[in-house]
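Residues per chain are reported as follows:
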Amino acid sequence: MMELSFLGAIALMLRAAVYSVVPIPFVVDLVMTFVGIALLLGIISMAAIVFTYAERKICAFIQVRIGPNRVGGRFGLLQPVADMLKLMSKEDIMPAGADKVVWALSPALLFVPAALAYAFFPFDAGAVLADVNVGVFLLFAVSGQAVLPFLMGGYASNNKYSFIGGMRIVGQILSYEAPLLFSLLGVVMITGSLRMDDIVQMQAQTSWFIFMQPLAFIIFLIAAVAETNRTPFDLVEGESEIIAGPFTEYSGMRWALFFLAEYANLLTAAILATTFFLGGYSGPEFLPGFVWFGLKAVLIVFLIMWFRWTFPRTRVDQILTFGWKVLVPLSILNVFLTGVGMYLLGIV
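Everything in this summary refers to the structure shown in the same document. (Residues numbered from 1 in each chain as written. Predicted model: local features only at pLDDT ≥ 70, side-chain atom pairs only at ≥ 80, totals over all residues. Heavy atoms only, no water.)

### Remarks on the pattern of salt bridges
- Counted under the stated rule, the structure contains eight salt bridges.
- Notably, a salt bridge pairs E55 with R308, separated by 3.4 Å at the nearest N-O pair. Of the two residues, E55 sits in helix α2 (residues 25–62) while R308 sits in helix α13 (residues 289–308), which places them 253 residues apart along the sequence.
- The class of R308 is partly exposed, set by a relative accessible area of 25%.
- Across the pair E262 and R230 runs a salt bridge, and its minimum N-O distance is 3.4 Å. Note that E262 is positioned in helix α12 (residues 252–277) and R230 in the loop between α10 (214–227) and α11 (239–242), a separation of 32 residues in sequence.
- Connected via shared salt-bridge partners are E55, R230, E262 and R308. (Salt bridge = Lys/Arg side-chain N within 4 Å of Asp/Glu carboxyl O. Helix = DSSP H or I, 4+ residues; strand = E, 2+ residues; numbered from the N terminus. Buried < 20%, exposed > 50% of the residue type's maximum accessible area, 1.4 Å probe, protein only.)

### Digging into α10
- Helix length check: α10, at 14 residues, gives a terminal C-alpha distance of 20 Å against a target of 20 Å (1.5 Å per residue), a fit within 8%.
- Taking burial as the measure, the 14 residues of α10 include 10 buried ones, the bulk of the element.
- Within α10, burial applies to A216, F217, I219, F220, L221, A223, A224, V225, A226 and E227.
- Considering only its buried residues, α10 is in contact with α7 (160–191), α9 (209–212), α12, α13 and α14 (316–344).
- Following α10 by one or two positions, N229 has its phi on the positive side, about 60 degrees. (Expected span 1.5 Å × (residues − 1). Contact = heavy atoms within 4.5 Å.)

### Brief notes about the environment of T191
- Among the secondary structure elements, T191 is positioned in helix α7.
- Accessibility expressed as a relative area gives 12% for T191, which makes it buried.
- In sequence terms T191 and M305 are 114 residues apart; their C-alpha atoms lie 30 Å from each other.
- When residues no more than four places from it in sequence are discounted, the contact partners of T191 are D198, I199, M202 and F209.
- At a separation of 2.9 Å, a polar atom in the side chain of T191 contacts the main-chain carbonyl oxygen of V187. (Polar contact = N/O pair within 3.5 Å; in protein donor to acceptor, adjacent residues only side chain to side chain.)

Rendered as structure tokens:
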């Protein structure tokens, strides 16, 4: 029997408290679902606040600058709060000739799949909102919908540059979706399950998959950076070529939703790497599982931010060529080698 984790114990106590007030199983499940949704939205919002500050500090450190230091004392700790107040106070302007419904829906729809993806992650033993047998499949089915809002925003803005930016990012995301999925297929083959928690448990019993699938990890990390639209793959916001991509005509909180989704996707990529390659919440028992999970995810986030301030933006043809001619063949080769290794070891 699996030992109850710290988060699992809290969830069990909360469920018992709700049941003591309203002893109806359906109502208890509904309340717990809404509590989980509220926690996930809180994690995403807090991550966006912390990451905006952390990225500026990391950028300043790499480029030998000071970084935020005006708002909130010497270290500029209140800079994210000032940014939030600035965005909330900006005027919301809709361009003339825009498709009003599609234009307004685009930023909201972009945030939905970014938030839904968190429902499938096991943050600790027994601490997962949607622990389903096909969690990996559902995760990518949901996250794959993020490509549509970019095209919607570019098309509905009545701006040719926005539309070109939307089409470019659709091409990039679709191109790097293939190596991203193939890089995780080797892990699924070894585990023999699509449940996220089974993948973590397998690593706790054997070793982290980063040691068993090093090529897959490198491919995944590169493809994940491309999927999150960050440098050197930031074709979404190639200011020197297409102004600001599909969100050129957005302002205020609508513009902020695009970047809230970006940081949500950044954390999603880090959590995926943690779950599939770094053992998830498994670790020495002197720290709770969710703490190990958070530390590993933050390490991957730092690594991706390091990439951003180290490498220059590449051309669109170079990005697509690298994805289809290098990463896709390598990811398929990794699947083949994984199958051969499993056969030789008698796993299949």
